[in-house]
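Overview (structure and organization)
Residues per chain are reported as follows:
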Amino acid sequence: MSANERPPGQQQTGRAAASATADSAFLRACRREPVSHTPVWFMRQAGRSLPEYRKLREGIAMLDSCMRPDLATEITLQPVRRHRVDAAVYYSDIVVPLMAIGIDLDIKPGVGPVIERPIRTRADLERLRPLDPDDVKYVTEAIGTLVGELGATPLIGFAGAPFTLASYLIEGGPSRNHEHTKALMYGDPAFWAALLDRLADITTAFLKVQIEAGASAVQLFDSWAGALAPADYRRSVLPASSKVFAAVAGYGVPRIHYGVGTGELLGLLGEAGADVVGVDWRVPLDEAARRVGPGKALQGNLDPAVLFAPRTAVEAKADEVLEAARGLEGHIFNLGHGVLPSTDPDALTRLVEYVHTQSASRAPSVKV
C-alpha cells in the first residue's frame, strides 16, 4: 500500500509518525546502521520529470505553488507514489525563506532565481531580517499533512546553505563565475562574514520550522560551493555552515550536506557537521569515503545523464555505484545531482526497483 493509500483515520502524526520512520532503511543508513536494502531517493524528485506534476502546475508559478500547502503536499507525494522511493523530499525552493522575509525575487523558467535588487553594500544587509515561523505558515501546514500521509516513509526537509544563498543575492541570479560574490568575499571579509552569519540564522530558522513540523531529516544544499578553493571554503564559508548544523543538532535528526562539483571539498563538507555527505558523480564513493573520513554516511552518486541510456547501461552504472559503496559505513543511493527535467519517469521507477533488489541480495538479514 502506498503512502497516500492509507485508510482514512489511520494517518500517523506526531510521535507515532516519528516512531514509524525511525526504523526505516533511509534513517538507518543515515545513522550508519545495517539495512535490509540500500535506500533510494532522488534530488529534485518532487516534480521536474513527472507529467502529473506538470499538469498540476499548469498556470501556477513555481513560488506560488510552494506557498500552497495543498500543492506542496501533493507534489511531494507524487514521486513516493510512483517510484516507491525510501524517502520523500519536501517540495519547495532554496529561495523560499528569502522571499518570505521580503526579498523581491522570482524564479524565471530556464533561468532560475532572479533577485530584483542584489545585495552588495552594508546598507543592503539590513534587508535581511530574521525569519519568523509565521512567515512560512504554509510550510508548517504542508509538512503536518505530509507526515500523516507518509506514515513510515521519512520526509526530508531542506534549505540553501549560506554561501549559495549569498551568491544568488549578490549576483542577482545564477552565475557561472561568481565574480561579484568572490570580489566581496575577498575584498570585504568583515561584511562577508556578517552577511553569511545573517543567512545562517535565516537558514537555521527555516530548517527548524521543517523539523518541528515533522521532517525526519534535513539536507543543506550548497549548490555553488564547488566554485571555491578548499582554503577559501574553510576560511570564508565553513563557519556559517557549521553554525547551521550545530543549531539543529539538538533535534537528533540526520543532517545531510550536499554540493555539486565539491570533490575537493568533501572532507570539509563533513567537517561542517553533517551526518551524511552527498557526493556528485565525479568522485567514486570509495574514494569519497577516503576524503571524508570515518564517522559519516555517504549519499549518491549516479550521473543523472545515465538515465537517458538504455536500461542495461543504467543498471551497469548503478552496479558500479553499489560496488563502490560496498564497504561504506552507511550509503543512501541517489543521483549525483538533481533529476533532469526530460528524464523518463519510468527509468527512475526501474532504477529504484533495481537498486532495492540488487542491494537486498548483498545485504545481511536485518529487521527494518
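Residues numbered from 1 in each chain as written. Predicted model: local features only at pLDDT ≥ 70, side-chain atom pairs only at ≥ 80, totals over all residues. Heavy atoms only, no water.

So, on to the side chain of serine 223. Inspection of the secondary structure puts serine 223 in the loop between strand S5 (217-221) and helix H11 (230-236). According to the relative accessible area criterion, serine 223 is buried, its value standing at 19%. In this structure serine 223 touches Thr164 and Val260, once residues within four positions along its chain are discounted. (Helix = DSSP H or I, 4+ residues; strand = E, 2+ residues; numbered from the N terminus. Buried < 20%, exposed > 50% of the residue type's maximum accessible area, 1.4 Å probe, protein only. Contact = heavy atoms within 4.5 Å.)

For the rest of this paragraph, the subject is the pairing of strand S6 (residues 255-258). Of the two faces of S6, the one carrying Arg255 and His257 and the one carrying Ile256 and Tyr258 are both buried. Relative to S6, S5 is paired through 4 bridges, and the arrangement is parallel. From the neighbouring strand, leucine 220 faces S6, where its bridge partner is histidine 257. Across 2 bridges, the pairing between S6 and strand S7 (residues 276-278) is parallel. (Pairing = 2+ DSSP bridges.)

Per the counting criterion, the structure on display carries 5 aromatic pairs. Between tyrosine 168 and tryptophan 224 the ring centres are 5.9 Å apart and the planes differ by 65 degrees, which places this aromatic pair in the edge-to-face class. Residue tyrosine 168 is found in helix H8 (residues 162-171), and its partner tryptophan 224 is found in the loop between S5 and H11; the two are separated by 56 residues along the sequence. On the basis of relative accessibility, which here comes to 9%, the residue tyrosine 168 falls in the buried class. Look at phenylalanine 221 and tyrosine 258: their rings are 6.0 Å apart centre to centre, the planes differ by 75 degrees, and that puts the pair in the edge-to-face class. Pair noted here: phenylalanine 221 is in strand S5 and tyrosine 258 is in strand S6, with a separation of 37 residues, a long-range link. Per residue, the accessibility class of phenylalanine 221 equals that of tyrosine 258, and both read buried. Pairwise contacts between aromatic rings join Phe158, Phe221 and Tyr258 into one cluster. Positioned above the aromatic ring of tryptophan 281, the side-chain terminus of arginine 282 is 4.2 Å from the ring centre. (Phe/Tyr/Trp six-rings, centres within 6.5 Å; stacked < 30°, edge-to-face > 60°. Lys NZ or Arg CZ within 6 Å of the ring centre and 35° of its normal.)

This paragraph deals with helix H9 (residues 179-187). Looking only at H9, the buried set comprises Thr181, Leu184 and Met185. For H9, the arc enclosing every buried residue in end-on projection is 100 degrees, short of the 170-degree limit, so these residues lie on one face. As for H9, its buried residues are in contact with H8, helix H10 (189-213) and H11. (Arc of directions from axis to C-beta.)

Together, Asp64, Asp104, Asp106 and Glu116 line one region of the surface with negative charge. Within the fold, aspartate 106 resides in strand S2 (residues 105-108). For aspartate 106, a relative accessible area of 35% puts it in the partly exposed group. (Patch = residues over 30% accessible without salt bridge, like charges linked within 9 Å, V, L, I, M, F, W, Y side chains within 5 Å. Areas by Shrake-Rupley, 256 points an atom, 1.4 Å probe, with all protein chains shown as cover. Salt bridge = Lys/Arg side-chain N within 4 Å of Asp/Glu carboxyl O. Lys, Arg positive; Asp, Glu negative; His and termini not counted. Charge placed at Lys NZ, Arg CZ, Asp CG, Glu CD.)

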